[in-house]
Amino acid sequence: MTQMANRIPPRTGTAFPLARGQLLTVIDPLGTQVSDLLAFSAHDVREVISNGRTFDYEETLRLTSGNRLWSNRSRVLMTIEADSVGCHDFLLTPCSTHTFRHFYPDKPEHRGCFGNLLEALAPHGICGDDIPVAFNCFMNVPVDANGRISVSPPPSRPGDSISFRAEDDLIIGLTACSAYASNGGTFKPIDYRIEA
Ligand SMILES: [Zn+2]
């Protein structure tokens, strides 16, 4: 069964269950827009994707088709099945009120992906301290030869996407990111589709 694409409005987020075996496709409909993704085990939400475990077991920082997202309990929660961009970040935390105070003190404060994820995930028993580094679809975080990191506009073009196969019953958190630098200075929606 193929579901019609759902739309996440700019600077918002959502949460939904994803059953084992289902395919989640995250789409950038207009281009140059980041989407933060979290995946928790539906059987125990204390189990969640871990960037450290994933980098360790996958032996790369550049995760793309064929790579798996591992949990804090060293189990595979998702496999990346398709990826038309090949540029994602799993180093940086979801943008938050504190991010805006730190990087954009002259701009209006926003609760960011963190606040949006917190609200969307609260009905599933997940609180702020349970939210780890998200897998940031399409986010462009170059690391230079000295180890310095920066945030550049996402290279995603309109219609680009990344697809994840659920390897367990999951609770997904997903956003249309709210931070200026992450999204090339403008805020667009994110679409997603679930296939059985
Ligand atoms: Zn964000």
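Quick note: structure is the one above.
Fair warning: this is a prediction, and the values are worked out from it, not measured in the lab.

*Asks:* Tell me about the overall build of the protein, and please be specific about residues and values.
*Replies:* When helices and strands are tallied, the protein shows three helices and eleven strands. Order of helices (α) and strands (β) in the protein, N terminus to C terminus: β-β-β-β-β-α-β-β-α-α-β-β-β-β. Computed over the C-alpha atoms, the radius of gyration of the protein is 15 Å, within 12% of the 16 Å expected from 2.2 N^0.38 for a compact globule of 196 residues. Across the 196 residues that make up the protein, the buried fraction comes to 48%. Residue pairs at least 24 apart in sequence account for 75% of intrachain contacts in the protein once pairs closer than 6 positions are excluded.

*Asks:* An account of the pairing of strand β9 (residues 160–166) is requested, with residue identities and associated values reported.
*Replies:* Buried residues dominate β9, accounting for six of its seven residues. Of the strand pairs in this sheet, strand β3 (residues 23–28) and β9 are connected by six bridges, and their pairing is antiparallel. Within β9, the residue paired with Leu23 across the bridge is Arg165. Alignment of strand β7 (residues 76–83) against β9, held across five bridges, turns out to be antiparallel. Paired with Ile80 across the strands is Phe164, a residue of β9.

*Asks:* Lay out the sheet that holds β7 with the relevant residues and their values.
*Replies:* Pairing within the open sheet is antiparallel, and its six strands lie in the order β1-β11-β3-β9-β7-β6. The open sheet has two edge strands with one neighbour each: β1 (6–8) and β6 (68–70). Adjacent strand axes in the sheet meet at a mean angle of 25° when their direction is disregarded. Looking at chain direction, β6 and β7 are connected through three bridges and run antiparallel. By the bridge assignment, Arg68 is partnered in β7 with Thr79.

*Asks:* Please give an account of the pattern of salt bridges that cites residues and values.
*Replies:* In total, this model carries eleven salt bridges according to the counting rule given. Glu58 is the salt-bridge partner of Arg68, the closest N and O atoms lying 3.0 Å from each other. Of the two residues, Arg68 sits in strand β6 while Glu58 sits in helix α1 (residues 51–58), which places them ten residues apart along the sequence. Judged by relative accessible area, Arg68 falls into the partly exposed class, the value being 32%. With relative accessibility at 12%, the residue Glu58 sits in the buried group. The salt bridge partner of Arg193 is Glu195, with a shortest N-O separation of 3.5 Å. Taken together, the shared-partner salt bridges in this structure form one network comprising Asp44, Arg46 and Arg73.

*Asks:* How would you sum up the side chain of Asn136? Please name residues and give values.
*Replies:* Among the secondary structure elements, Asn136 is positioned in strand β8 (residues 135–137). Classification of Asn136 as buried rests on a relative accessible area of 1%. Here the side chain of Asn136 touches Leu92 through a polar contact of 3.1 Å, landing on its backbone oxygen. The residues touching Asn136, leaving out its near neighbours within four places in the chain, are Val34, Ser35, Asp36, His88, Asp89 and Leu92.

*Asks:* Summarise the environment of Ala176; cite the residues concerned and give the values.
*Replies:* Its location among the elements puts Ala176 in the loop between β10 (170–175) and β11 (190–195). Between the alpha carbons of Ala176 and Val85 there is a distance of 17 Å; along the sequence they are 91 residues apart.

*Asks:* With reference to specific residues and values, describe the coordination of the zinc ion.
*Replies:* On the protein side, the zinc ion has Cys95 (SG), Cys113 (SG) and Cys177 (SG) as donor atoms, found 2.2 to 2.3 Å from it. Along the chain, the residues donating to the zinc ion are arranged with the sequence spacing C-x17-C-x63-C. Placement of Cys95 in the loop between β7 and α2 (97–103) and of Cys177 in the loop between β10 and β11 is noted, with a sequence separation of 82 residues between them. With relative accessibility at 6%, the residue Cys95 sits in the buried group.

*Asks:* For helix α3 (residues 112–121), give the residues involved together with the corresponding values.
*Replies:* Burial of α3 is extensive: seven of the ten residues sit out of reach of the surface. Those residues of α3 not exposed but buried are Gly112, Cys113, Gly115, Asn116, Leu117, Ala120 and Leu121. Each element contacted by the buried residues of α3 is listed here: β2 (13–18), β4 (35–41), α2 and β10.

How each quantity is defined
- Residues numbered from 1 in each chain as written.
- Predicted model: local features only at pLDDT ≥ 70, side-chain atom pairs only at ≥ 80, totals over all residues.
- Heavy atoms only, no water.
- Helix = DSSP H or I, 4+ residues; strand = E, 2+ residues; numbered from the N terminus.
- Rg over C-alpha atoms; globule rule 2.2 N^0.38 Å.
- Buried < 20%, exposed > 50% of the residue type's maximum accessible area, 1.4 Å probe, protein only.
- Contact = heavy atoms within 4.5 Å.
- Pairing = 2+ DSSP bridges.
- Axes fitted to C-alpha atoms, helices over the stretch in contact; angles between N-to-C directions.
- Salt bridge = Lys/Arg side-chain N within 4 Å of Asp/Glu carboxyl O.
- Polar contact = N/O pair within 3.5 Å; in protein donor to acceptor, adjacent residues only side chain to side chain.
- Donors = N, O, S within 2.8 Å, 3.2 Å for Na, K, Ca; no water.

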